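Chains, contacts and geometry: an overview
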Amino acid sequence: MVFDFVDGGAEDEATVRENRRAFADVALRPRVLVDVSARPQGVRVMGQDLALPVVLGPTGLARMVHPAGEAAAAVAAELFGTVSVVSSGSSVSFEDVAAAVRVPQWFQLYPWGDRATIEALIDRARACRYRTMVVTVDVPVVGAREKDLRNGLTVPPRVDPRTAWDVLSHPRWLAGLVRSPKVTFANFAGLLPDARGTSGLAAATQGLLNPGHTWDDLAWMVAQWDGPVLLKGLMTAEDARRAVDVGCAGVAVSNHGGRQADSLPGALDALGEVVAAVGEQVDVLLDGGVRRGTDVVKALALGARACLVGRPWLYALAAGGPRGVERLLEVLRDEVDRTLALIGRPGVDTLDPSAVCVRPGRGWVPAGKPG
Ligand SMILES: Cc1cc2nc3c(=O)[nH]c(=O)nc-3n(C[C@H](O)[C@H](O)[C@H](O)COP(=O)(O)O)c2cc1C
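Residues numbered from 1 in each chain as written. Predicted model: local features only at pLDDT ≥ 70, side-chain atom pairs only at ≥ 80, totals over all residues. Heavy atoms only, no water.

- As annotated in an unreviewed UniProt entry, the protein chain carries the name Alpha-hydroxy-acid oxidizing protein and is attributed to Geodermatophilus sabuli.
- Its UniProt record gives the protein chain the following Sequence similarities (unreviewed entry) comment, quoted word for word: "Belongs to the FMN-dependent alpha-hydroxy acid dehydrogenase family."
- Here the protein chain is described in UniProt, under the heading Cofactor (unreviewed entry), as follows: "FMN". (UniProt positions renumbered as here; feature names shortened; annotations may be inferred.)

This is the structure we're talking about:
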């Protein structure tokens, strides 16, 4: 149940597969006899210097996989000189994550509820000294994650006839679950009812979603925040231009890891048009399908400033606890480092499109005139 919650995607999971396929359709283009004795990975993203071009992306309900939850991501990110993005759907509150680290992290806003609810969340994030606000806009309604429905996943998870065998056959996980406070949307305490019924997770959030939001609402949210705003969840040049127009300092090309709309291109497929449209003006980040250092190198070569990873840090947390998340960043850092050496690029700032080649006919083009 918990593995499916993390690993799964919407409907046929075609978007999930496309995210990986897009990376497979790009290959590295190595040069030799270049002095690669130094290979710095530092990048400046959203006005902040990061020691590596990898950010731990916002994923809600992380305590579902391990009691340390989102705090583990913040601690690991701080240790490696990068940042994590704390979801507004986190299971450790904004306040508790902020208290676990010295360096301000980024926070993610789901514009759920009315303006008063959104304002209250933003005020809390400001009080916690979060630095960048990441607004996620690809959830006007909840995607159909059919595995969660079939598994009977609820928030908090419960033991009932349907989940009993699954839950009881994972005693170590269950012990962690019962020993710590209930897994809920910590930032929405009092606003969300405890999920009940078969559609648990989706039902828990559906009531607060606002499918009526437009660019005017985003402009209002940007005006509420004194720091930089990163818009997460767009896949087109048109939307990237509008994001810049309303004052966003960055955009994250993302299809929500294939958990929202199914049948979308891979995030990497959409990176090119977004970089061409706004790459000179704002930071473009890539989110979705990043599993290896080679993926990070490909995304940076195609114009991304940094990558976000979602599932990888949850897998790491599930497998190894907080130390697992540190190990993830260590592995990604080592892989980027080794790849740079092997393709003759002395540092991430030397990556450009000539570092990769693409299969002819790769990717997708709009069938009609972009609006
Ligand atoms: C379990 C889970 C929970 C997520 N929760 C959020 C969330 O609360 N806010 C958000 O903006 N994105 C959320 N995402 C999406 C991730 O931020 C990210 O876009 C996606 O996981 C990237 O794809 P990847 O998993 O292939 O790296 C979630 C993803 C997962 C797997």
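**Here we look at the UniProt feature "binding site: glyoxylate" (unreviewed entry) in the protein chain**
- The residues that UniProt annotates with the feature "binding site: glyoxylate" (unreviewed entry) are Tyr110, Arg145, His256 and Arg259.
- Assessed through its relative accessible area of 12%, Tyr110 is described here as buried.
- Beyond its immediate chain neighbours, meaning those up to four positions away, Tyr110 contacts Ser87, Ser88, Gly89, Leu121, Thr136, Val139 and His256.
- The residue Arg259 is located in the loop between β9 (250-254) and α12 (267-278) in this model.
- Exposure remark for Arg259: the relative accessible area of 12% places this residue in the buried category. (Buried < 20%, exposed > 50% of the residue type's maximum accessible area, 1.4 Å probe, protein only. Contact = heavy atoms within 4.5 Å. Helix = DSSP H or I, 4+ residues; strand = E, 2+ residues; numbered from the N terminus.)

**Examining the site of the ligand**
- Taken together, 23 residues lie around the ligand, and Pro58, Ser87, Thr136, Asp287 and Arg291 are the ones closest in.
- In this structure, Gly289 approaches the ligand through a main-chain N or O atom, which is 2.9 Å from an oxygen atom.
- Protein contact buries 97% of the 600 Å² of open area that the ligand shows by itself.
- Elements that contribute at least two residues to the shell around the ligand include exactly α1 (2-7) and α14 (311-342).
- Here the shell around the ligand gets three residues from one element, more than from any other, and that element is α14.
- For the shell around the ligand, the class distribution of residues is seven nonpolar, 11 polar and five charged. (Near = heavy atom within 4 Å. Polar contact = N/O pair within 3.5 Å; in protein donor to acceptor, adjacent residues only side chain to side chain. Areas by Shrake-Rupley, 256 points an atom, 1.4 Å probe, with all protein chains shown as cover. Nonpolar A, V, L, I, M, F, W, Y, C, P; charged D, E, K, R; others polar.)

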